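# Structural description and commentary
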Number of protein chains: 2
Amino acid sequence: MDDGKETPHIHASIITIGDELLIGQVVDTNSAWMARELNKTGIWLRRRVSIGDIKSEIQQALGEESRHADIILITGGLGPTADDITKPVLCEYFGGTMVMNEEALENVRQIFSKFDRPLLERNIQQAEVPDNCVVLQNKRGTAPGMWFEKEGKVYVSMPGVPHEMKGMMLDDVIPRLQKYFRFPHIDHRTLITFGIGESFLAETIKEWEAALPVHLKLAYLPNYGMVRLRITGIDSDADRLQRELNEQFETLKKQVSEWLITDKDLPLAEVVGNHLLKNKKTVATAESCTGGYIAHLITSIPGSSGWYKGTIVSYANEIKENVLGVNDQTLRSVGAVSEDTVKQMVKGVLDRLNTDYAVATSGIMGPDGGTAEKPVGTVWVAAGSRNAIKAKQFFFRYDRERNIEMTAYQALNLLRIMVIEEQRD
Amino acid sequence: MDDGKETPHIHASIITIGDELLIGQVVDTNSAWMARELNKTGIWLRRRVSIGDIKSEIQQALGEESRHADIILITGGLGPTADDITKPVLCEYFGGTMVMNEEALENVRQIFSKFDRPLLERNIQQAEVPDNCVVLQNKRGTAPGMWFEKEGKVYVSMPGVPHEMKGMMLDDVIPRLQKYFRFPHIDHRTLITFGIGESFLAETIKEWEAALPVHLKLAYLPNYGMVRLRITGIDSDADRLQRELNEQFETLKKQVSEWLITDKDLPLAEVVGNHLLKNKKTVATAESCTGGYIAHLITSIPGSSGWYKGTIVSYANEIKENVLGVNDQTLRSVGAVSEDTVKQMVKGVLDRLNTDYAVATSGIMGPDGGTAEKPVGTVWVAAGSRNAIKAKQFFFRYDRERNIEMTAYQALNLLRIMVIEEQRD
């Protein structure tokens, strides 16, 4: 397996197995993560397929995907219950026989003794594997992974539990694939714009885009008022690819400089955090309608405790008054969803949590709570410091979930603008 | 189209088109939503396939999926930029010619005038459609949908923007499918358990599961310490299906009653909320390590303002002291991640936000911040009322994201237990 074949374009396909994916009871986040990791390695993901726990469907999918791809990554269906049939189906498909794997069995035993749970026959069976695969031990759970080879193609079966799959991919699967194949170089450059539509952006860079060489590809990824622009390049020569990507990326950055918020593929909250960190400033949030979502976006970023102190989610008006110090006269005259209220919320949280900056939101997210004067989707956001506070009104027309998200991103962007403006002064 | 064919098992396939799905820059949440809606209608989703913006791949996928399914739902690739090629590819595939659709053009004009943006040639082109499809007008964006029929199969192309796709599915696509086909009845019963492993659960209900009739299927969906058990039935007779599902579901509920937290498919936060609502009680949260994620889970639920007042996210210790009133002696002696601290956080937030119940979290989520004594994954949660506060320690071994999620669910479950216990008294 060490003599690596010369294979300039390696394609992969992901098969996720599980009825729960087909009735929409879970969102498939595994595939996106796997796609990112494959991509970094230089493997071009060609297709992602989700199918149910049905023998004929699994067999058919294995056949079809092997015509599309060199590497077939399979997740799911390895659990201990009756609906988990991936392992016996793979065993039969590749013409093997089930045997007990002692190392996997020892692993199952250890996990059950650690959690002090009785070891059942069905758990012991999890350590059985086909005799014609390389067993990938699972350091995070009971179901081992399996690596099959057939006619120059590689098939890898992994558990569907996200952290078990991720660990197995990074520890075992990627390193093994790197030994088995020789990959071309794939790389990306990503920038993010805020406040310009996809079409207008496309018009702005039309000539540059048309002149891009064929092995560089541009993608527009609009979301939450932002557009991410990503150049992807593929080349057998890593240095040449880097040079070319850098050159094209510099030109692109100049053309969109007016709307550019970062030339890295970062979450907006991290972009804001980096501005704050650079200036050793801190921020806190006062959230009403976003209900902690801004705090969650911020605290999902490792190291955010270096610039973020906390939030007060004032879902009830009495919290706005008693904890944030919003004037009850304001609440009674212009209401909670108003410019005055969000500005007072900013002041209140600056004071209560003692930070340099603060951001506040108040709005009607739906589906209920709208009035003729303030329909569902009416939102006020404010951001600022002790020097200046700015507020902005929005009218969103989405569902509750997206209204919350849109408000959070607009609030973070307003904060970003305020931080940059004060740095300039 | 009104004479509905007699088709007992209608299968659907979803094709999502877009390079961004294959490099993992976005998570596909559309497919899960579509799957749920199809399922409610009695359409059995058989496969979900994601492919890139590449002509040959789209053509191949159309051919393959039409062999698997009667209905092929396509999303993505309808935008105004050069990488969006779905429309011309479909036009050619079905042998049509592009023509201007006046109603779609008027819609594009209105949207651009509303947002006061210049109308570009590429936006006008969005109103062009193949002449051999039924045009599905887009009330939420510029790209119209397209409905093709070929050899008894239906192909529907929709925009990839979630709220545009959702609106089009509910307004147009589902009603049209219901006219075109006659569906069998599909229905589900779902319950959720907490605190029992998947294997042990399977062992507990082994005999009942083995005796299930073939047209009823059981699935185990474990996540965040919970296991959802779902029975799915398919039958041409709706009444018979309901009776049978109800009967089997009652038996199942009895067998797992010890761990049962709800017999509906609800988020845990909503289960807790329903207990509070029933007793007209309120809750607030004090979050350190979960950083607003519990608040976000709660406020994502419409109507949560009826029982939820807010959160104080005390990411910095000074907030724990100054806002929540945690003793600085406690913080210095046993630290922020301790039983004393989370109990004091509960007391502080009960007092500050004036609620009947409160829940608090403090822990080390990683990747940094761990010590020999308190490694990454060490978590304390507490929940209670003015009568009693209980705290519980956990050691999670996951990544930052999952550690946050696991903590949030354990905290909500502890709160659930405390609320139920006090109701019993």
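Definitions and cut-offs
Residues numbered from 1 in each chain as written. Chains lettered and ligands numbered in written order. Predicted model: local features only at pLDDT ≥ 70, side-chain atom pairs only at ≥ 80, totals over all residues. Domains from an automatic or database assignment. Contact = placed C-beta atoms within 7 Å. Nonpolar A, V, L, I, M, F, W, Y, C, P; charged D, E, K, R; others polar. Pairing = 2+ DSSP bridges. Helix = DSSP H or I, 4+ residues; strand = E, 2+ residues; numbered from the N terminus. Axes fitted to C-alpha atoms, helices over the stretch in contact; angles between N-to-C directions. Core = buried A, V, L, I, M, F, W, Y, C linked by C-beta atoms within 7 Å. Buried ≥ 20, exposed ≤ 12 C-beta atoms within 10 Å, placed from the backbone. Least-squares fit on C-alpha atoms with pLDDT ≥ 70 in both. Expected span 1.5 Å × (residues − 1). Parallel < 35°, antiparallel > 145°, perpendicular 65-115°, else oblique. Left-handed = near helix turned anticlockwise from the far one by under 90°.

## Quick notes on the domain arrangement of chain A
All names here are of chain A.
- Taken domain by domain, chain A comprises domain 1 (5-182), domain 2 (185-262) and domain 3 (268-418).
- The C-alpha-based centres of domain 2 and domain 3 are spaced at 32 Å.
- Each side of the interface is counted separately: domain 2 has 6 residues, and domain 3 has 8 residues.
- Class assignment of the residues belonging to the side of domain 2 that touches domain 3 gives a composition of 4 nonpolar, 2 polar and no charged.

## Let's talk about the sheet that holds strand 19 (residues 389-395) of chain B
- Strand order in this open sheet of 10 strands is 19(A)-18(A)-17(A)-15(A)-16(A)-16(B)-15(B)-17(B)-18(B)-19(B), and the pairing throughout is mixed. Two strands close off the open sheet at either side, each with one partner strand: strand 19 (389-395) of chain A together with strand 19 of chain B. Taking the axes of each pair of neighbouring strands and ignoring which way they run, one obtains an average angle of 10 degrees across the sheet.
- With 5 bridges joining them, strand 15 (residues 283-287) of chain B and strand 17 (residues 357-363) of chain B adopt parallel strand pairing. The residue bridging T285 of chain B from the neighbouring strand is V359 of chain B, located in strand 17 of chain B.
- The strands touched by helix 15 (residues 339-353) of chain A within the sheet are strand 15 (283-287), strand 16 (308-314), strand 17 (357-363), strand 18 (378-384) and strand 19 of chain A, with strand 17 of chain A carrying the most contacts at an inclination of about 140 degrees.
- Contacts between helix 16 (residues 400-424) of chain A and the sheet are confined to strand 15, strand 17, strand 18 and strand 19 of chain A, with strand 18 of chain A contributing the most and set at about 25 degrees to the helix.

## Concerning the nonpolar core
- Ranked by internal contacts, the top residues of the largest apolar core, which has 116 residues, are V346, V349 and L415 of chain A together with V346, V349 and L415 of chain B.
- Core analysis: the next-biggest nonpolar cluster, separate from the first, contains 96 residues, A32 and V89 of chain A together with V108 and M168 of chain B among them.

## A closer look at the relation of the copies chain A and chain B
- When chain A is fitted to chain B, the best match, at an RMSD of 0.0 Å, comes from turning it 180 degrees and sliding it 0.0 Å along the axis. Taken together, the turn and the small shift mark the pair as related by a two-fold rotation axis.

## Focus: the interface of chain A and chain B
- On the chain B side, the residues contacting the 74 residues of chain A number 73 residues.
- Ranked by residue count, the leading element in the side of chain A that touches chain B is strand 16 of chain A, at 7 residues.
- Of the residues contributing to the side of chain A that touches chain B, the split by class is 33 nonpolar, 20 polar and 21 charged.
- Direction of pairing for strand 3 (residues 44-51) of chain A relative to strand 3 (residues 44-51) of chain B: antiparallel, over a ladder of 5 bridges. Paired with V49 of chain A across the bridge in strand 3 of chain B is V49 of chain B.

## A word on unusual backbone geometry
- With an omega of 0 degrees, the peptide bond between G366 of chain A and P367 of chain A qualifies as cis.
- Considering the arrangement of structural elements, one finds P367 of chain A in the loop between strand 17 and strand 18.
- Its identity is not glycine, yet E151 of chain B carries a phi of approximately 50 degrees, on the positive side.
- With respect to the helices and strands, E151 of chain B occurs in the loop between strand 8 (145-150) and strand 9 (153-158).

## Overview of helix 10 (residues 238-255) of chain B
- The end-to-end C-alpha distance of helix 10 of chain B is 26 Å, a good match for the 26 Å that 18 residues give at a rise of 1.5 Å each.
- Counted residue by residue, helix 10 of chain B has 1 buried out of 18 residues, so it is predominantly exposed.

## Examining the sheet that holds strand 2 (residues 11-17) of chain B
- As summarised here, the arrangement of the 12 strands in space is 7(A)-8(A)-9(A)-4(A)-2(A)-3(A)-3(B)-2(B)-4(B)-9(B)-8(B)-7(B), forming an open sheet in which the pairing is mixed. Strand pairing shows two members of the sheet lacking a second neighbour, strand 7 (134-136) of chain A together with strand 7 (134-136) of chain B, which therefore form its edges. Neighbouring strand axes in the sheet, compared pairwise and without regard to direction, differ in orientation by 15 degrees on average.
- Summarising the sheet, strand 2 of chain B and strand 4 (residues 71-75) of chain B pair through 5 bridges and their orientation is parallel. Within strand 4 of chain B, the residue paired with A12 of chain B across the bridge is I71 of chain B.

## Notes on the packing of helix 2 (residues 30-41) of chain B against helix 7 (residues 162-180) of chain B
Residue and element names in this part refer to chain B.
- Packing of helix 2 against helix 7 brings their axes to within 11 Å, and their N-to-C directions diverge by 25 degrees. With respect to helix 7, the element helix 2 is oriented roughly parallel. Crossing of helix 2 against helix 7: the hand is right-handed. Counted together, N30, W33, M34, E37 and T41 of helix 2 and P162, M165, K166, M169, I174, L177 and Q178 of helix 7 form the full contact between these two elements.
- Here the residues of the contact of helix 2 with helix 7 sort into 7 nonpolar, 3 polar and 2 charged.

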